[in-house]
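Letter by letter, the chains look like this.
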Amino acid sequence: MSSSAFAGVEIRLGSTRGHFGNAWLDARFSFSFGAYRNPARQRFGAVLALNEDVVQPARGFAMHHHENLDILMIPWTGAIEHRDSLGGYAIVKPGEVQVMHAASGILHSQMNASATHGERHFQLWFAPPWRRRDAEVLQRSLGAQQPGHWTSVVAPAAGTAAIDFGHDLAVDLGQLDANMPLLIQADLARSLYLHLMDGEAVVHSEGNVLRLQAGDALACAGGFPSLTLCADRPAAVLRIEQPAL
């Protein structure tokens with residue numbers, strides 16, 4: 001279920017996401033994925049998937065194939081063990097991100113690196129701007145993340161910290177805490193997707209107030225107003241911007 005929160009802003013409740021669960025995986029899908037099909041949530045511009053996965057100890061996704069996708073992995077609680085058909089091996093920890101350009105094809109496995117503790121991560125799939133020939137896997141540290149500030153993960157013409165996907169796409173992580181709000185300037189030429197990863201937040205915009213719980217999202221397809229995000233306790237939000245849809 002979706003509803004208009006205020007002009008140009010649609011709220012998508014976390015409780016309405018798709019769900020899959022088995023003995024080792026509990027997954028929530030913001031967009032159609034696998035057996036979960038929702039005609040109203042096929043994609044959001046270049047965003048094809050935004051999954052929140054909880055994986056049991058020493059379990060995970062065995063070697064499998066991808067192609068013509070750009071995949072962003074954000075470990076949140078616990079570390080991920082990655083192997084791929086390029087000979088790559090990595091442990092990706094909270095505070096780091098991994099990008100996999102699947103290009104013409106790559107095999108990889110994605111396992112919980114711990115034998116004793118579960119891990120939680122966010123995985124995003126993007127449509128690439130062109131069909132790459134060679135697959136590539138990149139890993140970056142996010143550095144220190146401060147409440148009240150955005151940390152750039154993906155950015156066009158990126159610097160050394162962020163990753164450039166080759167088109168006009170920006171992905172940022174933001175931290176909230178008491179008296180440390182996050183600000184977003186209005187832009188009528190761009191779309192915005194906000195996903196609350198953890199905690200609770202209050203969104204203020206042009207005299208309107210909206211309360212978000214973890215898992216809730218805001219979607220603004222044809223431009224967006226100025227937004228101020230506030231929280232009484234620590235919270236985290238994912239922000240995706242691209243040209244208006």
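Let me sum up the structure you'll find in this document. (Residues numbered from 1 in each chain as written. Predicted model: local features only at pLDDT ≥ 70, side-chain atom pairs only at ≥ 80, totals over all residues. Heavy atoms only, no water.)

Here we look at the sheet that holds strand 9 (residues 89-92)
Taken together, four strands build an open sheet; the order of strands is 6-11-8-9 and the sheet is antiparallel. Lying at the two open borders of the sheet, with one neighbouring strand each, are strand 6 (60-66) and strand 9. Adjacent strand axes in the sheet meet at a mean angle of 20° when their direction is disregarded. Alignment of strand 6 against strand 11 (residues 106-112), held across five bridges, turns out to be antiparallel. Bridging across to strand 11, His 64 finds its partner in His 108. (Pairing = 2+ DSSP bridges. Helix = DSSP H or I, 4+ residues; strand = E, 2+ residues; numbered from the N terminus. Axes fitted to C-alpha atoms, helices over the stretch in contact; angles between N-to-C directions.)

Topic: the side chain of Gln 98
Turning to its location among the elements, Gln 98 is positioned in strand 10 (residues 96-101). There is a polar contact of 3.5 Å between the side chain of Gln 98 and the side chain of His 82. Apart from residues lying up to four places away in sequence, Gln 98 is in contact with Ile 71, Leu 72, Met 73, His 82, Val 92, Val 137, Leu 138 and Gln 139. (Polar contact = N/O pair within 3.5 Å; in protein donor to acceptor, adjacent residues only side chain to side chain. Contact = heavy atoms within 4.5 Å.)

So, the sheet that holds strand 19 (residues 208-213)
Strands sit in the order 16-21-18-19 across an open sheet of four strands; the sheet is antiparallel. Where the open sheet ends on each side, the last strands, each with one partner, are strand 16 (182-184) and strand 19. Strand-to-strand twist of the sheet, defined as the mean angle between neighbouring strand axes without regard to direction, takes the value 20°. Sheet topology places strand 18 (residues 200-205) next to strand 21 (residues 227-230); three bridges connect them, and they run antiparallel. Bridging across to strand 21, His 204 finds its partner in Thr 228.

A look at the nonpolar core
Membership of the largest hydrophobic core comes to 28 residues, with the highest contact counts inside it found for Leu 72, Ile 74 and Leu 238. If sequence neighbours within four positions are ignored, Ile 74 has contacts with Val 97, His 121, Phe 122, Leu 124, Leu 173, Met 197 and Leu 238. In this structure, Ala 201, Leu 212, Cys 220 and Val 237 belong to the second largest nonpolar core, which totals 21 residues. (Core = buried A, V, L, I, M, F, W, Y, C linked by side-chain atoms within 4.5 Å. Buried < 20%, exposed > 50% of the residue type's maximum accessible area, 1.4 Å probe, protein only.)

Focus: the pattern of salt bridges
A full pass over the atoms with the stated rule returns 12 salt bridges. Taking the shortest distance from any N to any O, the salt bridge between Glu 10 and Arg 12 comes out at 3.3 Å. A relative accessible area of 24% means that Glu 10 is categorised as partly exposed. Glu 52 serves as the salt-bridge partner of Arg 120, at 2.8 Å between the closest nitrogen and oxygen. Of this pair, Arg 120 sits in strand 12 (residues 119-126) while Glu 52 is found in strand 5 (residues 47-55), placing the two residues 68 residues apart along the sequence. The exposure class assigned to Arg 120 is buried, which follows from its relative accessible area of 15%. (Salt bridge = Lys/Arg side-chain N within 4 Å of Asp/Glu carboxyl O.)

Coordinates in, geometry out; function isn't part of it.
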